[in-house]
Amino acid sequence: MLEGMENRGVSPVISVILMLAIVVILAAVLSAFVLDSTESLDDPAPNVADTTGEFQLEKSGQYTLDDQLVRITHLGGDNVLVEEMEIIVRASGPDVDTEARLINLPGNGRKLADENIQAGKGTSETEAEDLISQGTLSPPDQVIVNEDIWSAGYTIQFRITTTEADFREGESPDADTLEVVIVHTPSNSILSEHMFTP
């Protein structure tokens with residue numbers, strides 16, 4: 001009888017050790033998952049404290065290449081790399097409902113090209129490329145003047161073509177609202193938003 005009693009005490013000890021090992025392994029796996037997911041959280045968006053927006057229809061009552069010029073100026077806050085920005089441009093009105101996205105942005109006075117313009121929701125690539133001017137302006141087409149960093153005092157500028165959205169009174173295709181949203185792509189946060197109703 002003593003031999004049978006010795007074997008009976010081993011079973012509960014082994015089961016407790018196995019249960020403890022399982023709990024430790026589960027805790028290790030769970031903590032590795034939780035800690036790994038918190039490390040991959042995005043850095044916060046830059047804080048662009050203030051911006052001003054300007055939408056210039058005509059310089060002096062006569063149509064020129066400077067018409068429909070959009071300017072957004074950074075007034076204060078953090079610097080933002082131009083390559084980390086996307087600009088969403090929406091033109092709407094009785095004859096217009098077009099959205100274009102300015103992506104892979106150039107700086108330093110470089111001209112916009114087809115690869116910098118992407119169609120937005122419900123817009124064809126051709127409509128999007130026709131909405132944003134890629135031609136010669138005075139000053140020339142450029143997204144950021146002088147730098148690849150958008151910082152206080154610097155201006156984003158581009159031109160809306162009149163062939164896709166004409167904001168002048170009595171002209172066609174008739175547009176009456178222009179929305180410009182600047183997004184910080186790594187954090188997917190809005191840095192600036194302006195609505196123009198000329």
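Attention in this report is confined to the structure presented alongside it. In this text, all values refer to a predicted model and were calculated from it rather than measured experimentally. (Residues numbered from 1 in each chain as written. Predicted model: local features only at pLDDT ≥ 70, side-chain atom pairs only at ≥ 80, totals over all residues. Heavy atoms only, no water.)

Examining the overall build of the protein
When you go through the protein residue by residue, the secondary structure sums to 2 helices and 11 strands. For the protein, the succession of helices and strands along the chain, N to C, is α-β-β-β-β-β-β-α-β-β-β-β-β. The 198 residues of the protein split such that 38% are buried. Of the accessible surface of the protein, which amounts to about 11,400 Å², a share of 54% is contributed by carbon and sulfur atoms. (Helix = DSSP H or I, 4+ residues; strand = E, 2+ residues; numbered from the N terminus. Buried < 20%, exposed > 50% of the residue type's maximum accessible area, 1.4 Å probe, protein only. Areas by Shrake-Rupley, 256 points an atom, 1.4 Å probe, with all protein chains shown as cover.)

Brief notes about the sheet that holds strand β6 (residues 117-119)
Spatially, β6-β5-β4-β10-β11 is the arrangement adopted by the 5 strands of the open sheet, whose pairing is antiparallel. Every interior strand has two partners, whereas the edge strands, β6 and β11 (189-196), have only one. Here the average twist between neighbouring strands, direction ignored, is 20 degrees. Where strand β10 (residues 177-184) meets β11, 7 bridges bridge the pair, whose relative direction is antiparallel. Each bridged residue has a counterpart across the sheet, and for E179 the counterpart in β11 is M195. (Pairing = 2+ DSSP bridges. Axes fitted to C-alpha atoms, helices over the stretch in contact; angles between N-to-C directions.)

As for the environment of W150
As for its placement among the helices and strands, W150 is situated in strand β8 (residues 149-150). Among the residues examined, W150 registers a relative accessible area of 0% and is labelled buried. Residues W150 and T73, spaced 77 residues apart in sequence, show a C-alpha to C-alpha distance of 8.9 Å. Of the polar contacts made by the side chain of W150, one reaches the backbone oxygen of Y154; its length is 3.1 Å. (Polar contact = N/O pair within 3.5 Å; in protein donor to acceptor, adjacent residues only side chain to side chain.)

Considerations on unusual backbone geometry
Looking along the chain, the bond that leaves S172 and enters P173 is cis, with omega of 0 degrees. Relative to the assigned elements, P173 resides in the loop between β9 (155-159) and β10. Notably, N104 is not glycine yet its phi reads approximately 45 degrees, a positive angle. Relative to the assigned elements, N104 resides in the loop between β5 (97-102) and β6. For N104, a relative accessible area of 58% translates into the label exposed. In this model, N188 sits at a positive phi of 55 degrees, which is unusual for a non-glycine residue. Relative to the assigned elements, N188 resides in the loop between β10 and β11.

Observations concerning the pattern of salt bridges
For the structure on display, the rule yields 6 salt bridges. Between E54 and R71 there is a salt bridge, and its shortest N-O distance comes to 3.8 Å. Of this pair, E54 sits in strand β1 (residues 48-56) while R71 is found in strand β2 (residues 69-77), placing the two residues 17 residues apart along the sequence. In the salt-bridge network here, residues are joined through shared partners; they are E86, R90, E99, R101 and E179. (Salt bridge = Lys/Arg side-chain N within 4 Å of Asp/Glu carboxyl O.)

Comments concerning the pairing of strand β4 (residues 85-92)
Of all the 8 residues making up β4, 6 are buried; the element is thus mostly covered by neighbouring parts of the structure. The sheet contact formed by β4 and β5 spans 6 bridges and is antiparallel. Each residue of the ladder has a partner; that of I88, found in β5, is R101. In textbook terms, the turn of a hairpin is the stretch between consecutive antiparallel strands, and for β4 and β5 this stretch comprises 4 residues.

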